[in-house]
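# Summary of the model geometry
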Amino acid sequence: MGERQGRNYLGRIDVAGVILWNKLKEHDILFFWVARMVMMGIEFTGTVPFSYVYLHGLIRDSEGRKMSKTLGNVIDPIDTIKEFGTDALRFTLALGTAGQDLNLSTERLTSNKAFTNKLWNAGKFVLQNLPSESDMSAWEAILAFKFDKEEALLRLPLPECWVVSKLHCLIDMVTTSYDRYFFGDVARETYDFFWGDFADWYIEASKAHLYHSGDHSVAQAVLLYVFENILKMLHPFMPFVTEALWQALPNRKEALMVSSWPQTSLPMHASSIKKFENLQSLTRAIRNARAEYAVEPAKRISASVVAGNEVLQYISDLSMKRVISRGHESGGLYILETKKEKEVLALLSRLDLQNIHFTDSPPGDANQSVHLVAGEGLEAYLPLSDMVDVSAEVERLSKRLSKMQEEFDRLAARLSSPKFVEKAPEEVVNGVREKAAEAEEKIILTKNRLIFLKSTALASTS
């Protein structure tokens, strides 16, 4: 089995001298139960039966009550497995905080069933974008990539360097948490990386290399490498779906359960993590602006990105060309590599690739554009005419403002009535005050938007 420091992570968690002890009884008698088992083990076998005792919390119902037949709140695990799946149930139980009771609710189970489905769909994406096993040359190119040396990491494009660096950081954190029996931390850290980094960001960014660029091997190699390691870290919690996905991957020589645990202390590039976080901030700002102005999802818009030279260097097409050594065995051969993060930005933000401009100062039409501040020294200007029909938007917002003003006047009238303020329950009055404050804030924002749109319309006609 996959072993590290005498502990088996990829097999069952309750082996190698560890006993998982459910707090079926009251806390004050747990010591006596454990002491009795130790003494009996020494008496009948001559050895201490276990070295560690892991006390996990009670599984309670969604309201925090103990399960009992009297209350009728017993959750049947067989029925739960039929509805949500074994892996989703196991993962839900693992997410509990060490030593604390867990309230088992339908919402938690539904969420983790969705997580299982997300993992399955990510596996399908990886499989669909790998070459067939018979394509030996393609597999040679994929397997030539190694990620255990810093120089190999620095050769990768920015999205690939970012996700591999984040993965290596995760492996170290997860391994430490396993060593300390912080199983809930392992589950949360792996969940956050898989969903928040790999699925939401890297899979989307990889499409720039898989579907638009000439060489697919770097994206394929990174997808496979990261996904393999995610399966290894999730396997103790979700053995069935992870084993099925592992066996579906090409060139599997052994089962996931007996494979080696991921290597720790692998290289990480903090600078690439920071650079990609800047790209993420810019993408979020553009996505938020598109949603705010109700831009059609399929519509590609123009953008002017304003930043310092260092930021522009790795986002734009005019980025620095790096000279990379292939090693002594090739006679010191050097190649040139141009990073194309512009394609990634266009893909993630749905921008028109031919109309993304990079500059160190605001564009000439800045007063007719939506100004976004993505971070310190990183801004973007989106031409309003690309996003909406200005006259139609002015008309729509004017109608919306009229309705919001009517709602605010109605709330203000209630608050100005002494009878209502004096006789109504305090929580009702406070609720109306909160609604009035919220409505007033929306009115101010809508008025500012209208002023901006009207000024833009005037500027474009003059």
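Described in the following lines is the structure provided in the data block. (Residues numbered from 1 in each chain as written. Predicted model: local features only at pLDDT ≥ 70, side-chain atom pairs only at ≥ 80, totals over all residues. Heavy atoms only, no water.)

## Overview of the overall build of the chain
Each helix and strand counted, the chain has 17 helices and 12 strands in total. Counting every position in the chain, which comprises 462 residues, the buried fraction comes to 44%. A fraction of 70% describes how many contacts in the chain between residues 6 or more apart in sequence connect residues 24 or more apart. Total accessible area on the chain is roughly 24,800 Å²; 53% of this is exposed by carbon and sulfur atoms. (Helix = DSSP H or I, 4+ residues; strand = E, 2+ residues; numbered from the N terminus. Buried < 20%, exposed > 50% of the residue type's maximum accessible area, 1.4 Å probe, protein only. Contact = heavy atoms within 4.5 Å. Areas by Shrake-Rupley, 256 points an atom, 1.4 Å probe, with all protein chains shown as cover.)

## Observations concerning the packing of aromatic side chains
Geometrically, a pair of aromatic rings is defined through the distance of the ring centres and the angle of the planes. Taken as a whole and assessed by the stated rule, the structure comprises 18 aromatic pairs. For the pair Phe91 and Tyr191, a centre-to-centre distance of 6.2 Å together with 20° between the ring planes defines the contact as stacked. Of the two residues, Phe91 is situated in helix H3 (residues 86–94) and Tyr191 in helix H8 (residues 183–212); the sequence distance between them amounts to 100 residues. Note on Phe91: relative accessible area 0%, which makes it buried. Between the aromatic rings of Tyr178 and Trp261, the centroid separation amounts to 5.3 Å while the plane-to-plane angle is 80°, which identifies the pairing as edge-to-face. Remark: Trp261 occurs in the loop between helix H10 (239–248) and helix H11 (270–292) and Tyr178 occurs in helix H7 (residues 158–179); sequence separation between them is 83 residues. Across the pair, Trp261 and Tyr178 agree in class, each one buried. A cation over an aromatic ring shows up here: Arg36 above the ring of Trp33, its NZ or CZ 4.6 Å from the ring centre. The lysine or arginine in question, Arg287, covers the ring of Trp201, its NZ or CZ lying 5.0 Å from the ring centre. (Phe/Tyr/Trp six-rings, centres within 6.5 Å; stacked < 30°, edge-to-face > 60°. Lys NZ or Arg CZ within 6 Å of the ring centre and 35° of its normal.)

## A few points about unusual backbone geometry
Despite not being glycine, Tyr181 has its phi angle at roughly 60°, a positive value. By secondary structure assignment, the location of Tyr181 is in the loop between H7 and H8. In this structure Tyr181 comes out as buried when scored by relative accessible area, which is 14%. Look at Ala294: it is not a glycine, yet its phi comes out positive at around 55°.

## Some words on the pairing of strand E12 (residues 378–383)
The buried fraction of E12 is high, at five of six residues. By the bridge criterion, four bridges tie strand E7 (residues 301–307) to E12 in an arrangement that is antiparallel. The partner of Ser304 across the bridge, within E12, is Tyr381. Taking the residues that link successive antiparallel strands as the turn, the strand E11 (residues 369–375)-E12 hairpin has two residues, and the phi of Gly377 there is positive, at about 75°. (Pairing = 2+ DSSP bridges.)

## Overview of the packing of helix H4 (residues 106–128) against H10
Close contact between H4 and H10 brings their axes to 11 Å; oriented N to C, the two are set at 5°. Considered as vectors, H4 and H10 are oriented roughly parallel to each other. The residues of H10 that touch H4, namely those facing Thr116, Leu119, Trp120, Gly123 and Leu127, are Val241, Thr242, Ala244, Leu245 and Ala248. In terms of residue class, the contact of H4 with H10 is made up of seven nonpolar, three polar and no charged. (Axes fitted to C-alpha atoms, helices over the stretch in contact; angles between N-to-C directions. Parallel < 35°, antiparallel > 145°, perpendicular 65-115°, else oblique. Nonpolar A, V, L, I, M, F, W, Y, C, P; charged D, E, K, R; others polar.)

## A word on the sheet that holds E7
Across the sheet, four strands lie side by side as E10-E7-E12-E11; this open sheet has mixed pairing. With partners counted over all chains shown, the strands left at the sheet margins are strand E10 (351–359) and E11, one partner each. Each strand of the sheet is rotated relative to its neighbour by a mean of 25°, with strand direction disregarded. Summarising the sheet, E7 and E10 pair through five bridges and their orientation is parallel. Directly across from Val305, in E10, lies its bridge partner Phe358.

## What to know about the pairing of E11
The sheet contact formed by E11 and E12 spans six bridges and is antiparallel. Within E12, the residue paired with Ser369 across the bridge is Pro383.

## Notes on H11
End to end, H11 covers 33 Å across 23 residues, agreeing with the expected 33 Å (1.5 Å per residue, within 8%). Positive backbone phi, approximately 55°, marks Ala294, located one or two places after H11. (Expected span 1.5 Å × (residues − 1).)

## Remarks on the packing of H8 against helix H9 (residues 217–234)
The contact between H8 and H9 brings their axes to 10 Å, and the two run at 165°. In terms of axis orientation, H8 runs roughly antiparallel to H9. Relative to H9, H8 is oriented so that their crossing is left-handed. Where H8 approaches H9, its residues Thr190, Phe193, Phe194, Phe198, Tyr202, Ile203, Ser206, His209 and Leu210 are matched on the opposing element by Ala219, Gln220, Val222, Leu223, Val226, Phe227, Ile230, Met233 and Leu234. (Left-handed = near helix turned anticlockwise from the far one by under 90°.)

## Remarks on the side chain of Asp197
With respect to the helices and strands, Asp197 occurs in helix H8. Accessibility expressed as a relative area gives 14% for Asp197, which makes it buried. Those residues in contact with Asp197 that lie beyond four places of it in its chain are Trp162, Lys166, Asp192 and Tyr202.

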